[in-house]
Amino acid sequence: MFKRISALVLAGLTAMSVAACGSGGSTTAGTSGGGDSTITMGFSQVGAESGWRTANTKSVQDAAKNAGIELKFSDAQQKQENQIKAIRSYIQQKVDVIAFSPVVESGWDTVLKEAQNAKIPVILTDRAVDSKDTSLYKTFLGSDFVEEGRKAGKWLVEEYKDSKDPVNIVELQGTTGSAPANDRKAGFQEIIQADPKFKIIASQTGDFTRAKGKEVMEAFLKSNPDIDVLYAHNDDMGLGAIEAIEGAGKVPGKDIKIITVDAVKDGMQALADGKINFIVECSPLLGPQLMDLAKKVVKGEQVPARVVTEETTFTQEQAKEVLSSRQY
Ligand code: GYE
């Protein structure tokens, strides 16, 4: 999988390949001292809201094992207060490095300052924070969500390029205030706004879950008889919405075209089956890169300020080709 990942180096830092980072060398134990060279990482996960998240958790746990890193793992059940508690407990336990996927973008400065004061390096994985002070974390590893939104928008523009009629779009947003919800909305909007025929007639959060995606789509269908397109910020909400669309006697993928983000196996299956029309990939397999970065920051080595995951997109034909080899 390293072939598919590239490290993007910002702000004049020297290009370095994360994949090339050695893993066998001895490490110093940061704040834990005592000559023990095992690195301890405290990891605060968002939750278990989607197929993407399950695959991401597995990737982090497997990679920690392979890298010989002791992992303390906690699941925040999509609540920021739980993540703050977990980070504080990791600070108290004097772990060597803290990694977390922030459920929302805002409100992290105080706890990040506490980690900094305790001299424990922090790595952001998957989602960003909006802190002005970027010295509060060492690096941010994850996707470019704005670009994902743009890819969704570009497919739509191409799909309707020969039509002059209005295109009525409903949008299922991810968790309110989260980086992927904010950015996937913004990137999509940026592309479709060039043509006024594209109209977002309803947009609401489905919290990245299947159950919420279904519930909100049912409400959309009741109040809007003429929906042409659904843009869902992840596969799970799209899959929930498919149930709602079928329940309303309509054909997903035909009566209502569907674009989603992630490309987890269930999403790819629905794409191959013709129920989804286009998926923008977002890779959850961040574990190996995270462990390499963790070893470096614990040693006090320079790491790139931003590491972007490389991703592709899938049409229905492409989904049929790759489905059997999909890892997650
Ligand atoms: O797209 C969604 C998950 O932060 C990229 O979170 C992640 C998103 C992913 O719940 O399925």
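Residues numbered from 1 in each chain as written. Predicted model: local features only at pLDDT ≥ 70, side-chain atom pairs only at ≥ 80, totals over all residues.

## A short note on the overall build of the protein
Next up, step 1: Helices and strands together make up the secondary structure of the protein, namely 10 helices and 12 strands.
Next up, step 2: Looking at the 328 residues of the protein, the share that counts as buried comes to 50%. (Helix = DSSP H or I, 4+ residues; strand = E, 2+ residues; numbered from the N terminus. Buried ≥ 20, exposed ≤ 12 C-beta atoms within 10 Å, placed from the backbone.)

## Some details on unusual backbone geometry
Next up, step 1: In this structure, K94 is a non-glycine residue whose phi angle is positive, near 55°.
Next up, step 2: Secondary-structure assignment places K94 in the loop between α2 (80–92) and β3 (97–100).
Next up, step 3: Even without being a glycine, A263 presents a positive backbone phi close to 70°.
Next up, step 4: One can find A263 in the loop between β9 (257–262) and α8 (265–272).

## Concerning the nonpolar core
The nonpolar side chains of soluble globular proteins are, as a tendency, buried together.
Next up, step 1: Counting residues in hydrophobic clusters, the biggest one holds 44 residues, and the most contacted among them are A152, M217, L230, Y231, A241 and I279.
Next up, step 2: The greatest single-element share of this core, amounting to six residues, is contributed by helix α7 (residues 235–247).
Next up, step 3: Once residues within four sequence positions are removed from consideration, A152 is found in contact with F188, Y231, I259, V261 and V280.
Next up, step 4: With 42 residues, the next largest nonpolar core counts Y90, V104, L141 and L293 among its residues. (Core = buried A, V, L, I, M, F, W, Y, C linked by C-beta atoms within 7 Å. Contact = placed C-beta atoms within 7 Å.)

## Notes on the sheet that holds strand β12 (residues 313–315)
Next up, step 1: Here we have six strands laid out as an open sheet, ordered β7-β6-β8-β9-β10-β12, and mixed in their pairing. Of all the strands in the sheet, just β7 (198–205) and β12 have a single pairing partner and so form its edges. Neighbour-to-neighbour, the strand axes of this sheet turn through a mean angle of 15°, independent of strand direction.
Next up, step 2: Taken together, the four bridges between β9 and strand β10 (residues 278–281) define a ladder with parallel strand orientation. (Pairing = 2+ DSSP bridges. Axes fitted to C-alpha atoms, helices over the stretch in contact; angles between N-to-C directions.)

## Re helix α1 (residues 51–67)
Next up, step 1: The terminal C-alpha atoms of α1, which comprises 17 residues, lie 24 Å apart, in line with the 24 Å expected from a rise of 1.5 Å per residue.
Next up, step 2: Along α1, the positions that sit buried rather than exposed are G51, W52, R53, A55, N56, T57, S59, V60, A63 and A64.
Next up, step 3: Structurally, α1 contributes buried residues whose contacts are with β1 (40–45), β2 (70–75), α7, β9, α8 and α9 (287–299).
Next up, step 4: Positioned one or two residues after α1, G68 has a phi angle of 70°, which is positive. (Expected span 1.5 Å × (residues − 1).)

## Some thoughts on the sheet that holds strand β5 (residues 139–142)
Next up, step 1: Taking strand neighbours across the sheet as the criterion, the six strands line up as β2-β1-β3-β4-β5-β11 in an open arrangement whose pairing is parallel. A strand with exactly one partner marks an edge of an open sheet, and here the two such strands are β2 and β11 (306–308). Taken pair by pair, the neighbouring strands of this sheet meet at an average axis angle of 15°, ignoring direction.
Next up, step 2: Where strand β4 (residues 122–125) and β5 come together, three bridges link them in parallel fashion. Its bridge partner lying in β5, I123 is registered against T139.

## What to know about helix α6 (residues 210–223)
Next up, step 1: An ideal rise of 1.5 Å per residue puts 20 Å on 14 residues; α6 measures up with 20 Å between its terminal C-alpha atoms.
Next up, step 2: Listed in full, the buried residues belonging to α6 are R210, K212, G213, K214, V216, M217, F220 and L221.

## Things to note about the site of the ligand
Next up, step 1: Looking at the ligand, there are 13 residues lining it, with S50, W52, P180, F208 and N234 nearest.
Next up, step 2: Looking at the shell around the ligand, the elements that each hand over two or more residues are α1 and β9.
Next up, step 3: Counting the residues that make up the shell around the ligand, at least three belong to each of domain 1 (7–143 + 283–310) and domain 2 (145–282). (Near = placed C-beta within 6 Å. Domains from an automatic or database assignment.)

## Here we look at the environment of Q316
Next up, step 1: Turning to its location among the elements, Q316 is positioned in helix α10 (residues 316–322).
Next up, step 2: Among residues more than four places away in sequence, those in contact with Q316 are L271, A272, G274 and N277.

## Concerning the packing of α1 against α9
Next up, step 1: Interaxial distance between α1 and α9 falls to 7 Å at its minimum, and their mutual angle equals 45°. It follows from the interaxial angle that α1 and α9 lie oblique. Relative to α9, α1 is oriented so that their crossing is right-handed. Touching S59, V60, D62, A63, A64 and A67 of α1 are G287, P288, L290 and M291, all from α9.
Next up, step 2: Residue classes in the contact of α1 with α9 are distributed as seven nonpolar, two polar and one charged. (Parallel < 35°, antiparallel > 145°, perpendicular 65-115°, else oblique. Left-handed = near helix turned anticlockwise from the far one by under 90°. Nonpolar A, V, L, I, M, F, W, Y, C, P; charged D, E, K, R; others polar.)

## Considerations on the confidence of the model for the protein
Next up, step 1: Looking at the protein, pLDDT values average 91 and 89% of them are 70 or higher.
Next up, step 2: Scored below 50 in pLDDT, residues 1–35 makes 61 contacts in the model with residues more than four places away or belonging to other chains. (pLDDT = per-residue confidence, 0-100.)

## Remarks on the packing of α2 against helix α3 (residues 109–117)
Next up, step 1: Direction vectors running N to C along α2 and α3 enclose 10°, while the axes themselves pass 10 Å from each other. Taken together, the axes of α2 and α3 are roughly parallel relative to one another. Residues I84, I87, R88 and I91 of α2 lie in contact with α3, whose contacting residues are V111, E114 and A115.
Next up, step 2: The class makeup of the residues in the contact of α2 with α3 is five nonpolar, no polar and two charged.

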